[in-house]
Amino acid sequence: MIEAAQTLDGWYVLHDFRAMNWPMWKQMDEDFRKEATDEFIAFLAELNKADEAKTGSHAFYSIVGQKADFVLMTLRETMDELNDIETKFAKLAIADFTIPTYSYVSVVELSNYLAKAKAGDEPAQDPYQNEHVRARLYPELPRWEHICFYPMDKRREKGANWYMLEMEARQAMMRSHGMIGRSYAGKVKQIISGSIGFDDHEWGVTLFANDVLQFKKLIYEMRFDEVSARYADFGEFFVGNILNEEKLRALLAI
């Protein structure tokens, strides 16, 4: 029997992509637009309380291209909290002028592909008490200049079925794959979230960088690694720029 990978699971994740209905927004008077913008900024400030309390995190970015105008990425301890955030946004005045274009639901995860074997009679430790593990499962999202998000799957095709490989083979390939990612430490921060049973793909990958070209370099290099070259299928890519209060007001100004 083929052994399934085991995962450690952290915060639940929602990527909410929205486009603005600019014709409708431009028809509103200046006072309404200002009040709606202020209300939206207050909503984002309320989200930031979880970042400060280390009970969640969020990232807010514009999106380049026609797929969306902005994305709000939120991480919380429960799915219920993500649902509450969706509902609170839906009740904002500005929500009536946005069009949902894409969303993705997942949970931050770490697999045992890269886990080290326990030596001899060394007692097993609770991985959730390991500071390094906790930092990866409950990440503080950086306020770096750029974001890149894409969903992906592992192939299940004749001659290239990831799920029919022995654990040892998968572990060896994932170690090689992981080495590429680690070579970009300090340049790219990567959040891997599992979505099997939650959304249309199997994983979501979110990348942050201050130099947007690092996304292209990292992903291109990984395409030559066997895990990606032979076994990976990718969904749509979204890339964007950070939206602070000043940039958001400029975006919504007419």
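What you see as residue numbers is a count from 1 along each chain, following the sequence as written. Note on the predicted model: pLDDT of at least 70 is required for a residue's local features to be given, and 80 or more for side-chain atom pairs to be given and counted; whole-chain, interface and lining totals, by contrast, use all residues. Working from all heavy atoms in the structure, the side-chain values ignore hydrogens and water.

Novice: How should I be thinking about the packing of aromatic side chains in this particular structure?
Specialist: To describe a pair of aromatic rings, you give the distance between the ring centres and the angle between the ring planes. Ring pairs are drawn from Phe, Tyr and Trp, using the six-membered ring of Trp, whenever the two centres fall within 6.5 Å, and their geometry is named by plane angle: stacked under 30 degrees, edge-to-face over 60, tilted for the rest. Counted by the stated rule, this structure contains 24 aromatic pairs. For the pair Tyr-113 and Trp-162, a centre-to-centre distance of 6.0 Å together with 80 degrees between the ring planes defines the contact as edge-to-face. Here the residue Tyr-113 occupies a position in the loop between strand E4 (98-111) and helix H4 (131-137), and Trp-162 occupies one in the loop between strand E7 (160-161) and helix H5 (167-182), the gap between them amounting to 49 residues. We note that Tyr-113, like Trp-162, is buried. Look at Phe-149 and Phe-238: their rings are 6.5 Å apart centre to centre, the planes differ by 35 degrees, and that puts the pair in the tilted class. One end of the pair, Phe-149, is in strand E5 (residues 146-154); the other, Phe-238, is in strand E11 (residues 238-242), and 89 residues separate them in sequence. Exposure remark for Phe-149: the relative accessible area of 1% places this residue in the buried category. Each residue's exposure class comes from its accessible area (1.4 Å probe, protein chains only) as a fraction of the maximum for that residue type: buried when under 20%, exposed when over 50%, partly exposed otherwise. Using a relative accessible area of 3% as the deciding quantity, one classes Phe-238 as buried. Feature note: the residues Phe-17, Tyr-102, Tyr-104, Phe-149 and Phe-238 constitute an aromatic cluster, connected by ring pairs. The ring of Phe-238 has Lys-67 sitting right over it, with the charged end atom 5.3 Å from the ring centre. The helix count covers DSSP runs of H or I at least four residues long, the strand count covers runs of E at least two residues long, and both are numbered beginning at the N terminus. Only Lys NZ and Arg CZ are tested; either one counts as a charge over a ring when it is within 6 Å of the ring centre and within 35 degrees of the ring normal.

Novice: Looking at this structure, I do not really get the pattern of salt bridges. What am I missing?
Specialist: For this analysis, a salt bridge means a side-chain nitrogen from Lys or Arg found within 4 Å of a carboxyl oxygen belonging to Asp or Glu. This model, assessed by the stated rule, comprises 11 salt bridges. With its nearest N and O atoms 3.0 Å apart, the salt bridge here joins Asp-16 to Arg-18. On the basis of relative accessibility, which here comes to 11%, the residue Asp-16 falls in the buried class. The residue Asp-233 makes a salt bridge to Arg-155 at a minimum N-O spacing of 2.9 Å. With Asp-233 in strand E10 (residues 232-234) and Arg-155 in the loop between E5 and strand E6 (156-157), this residue pair connects regions lying 78 residues apart in the sequence.

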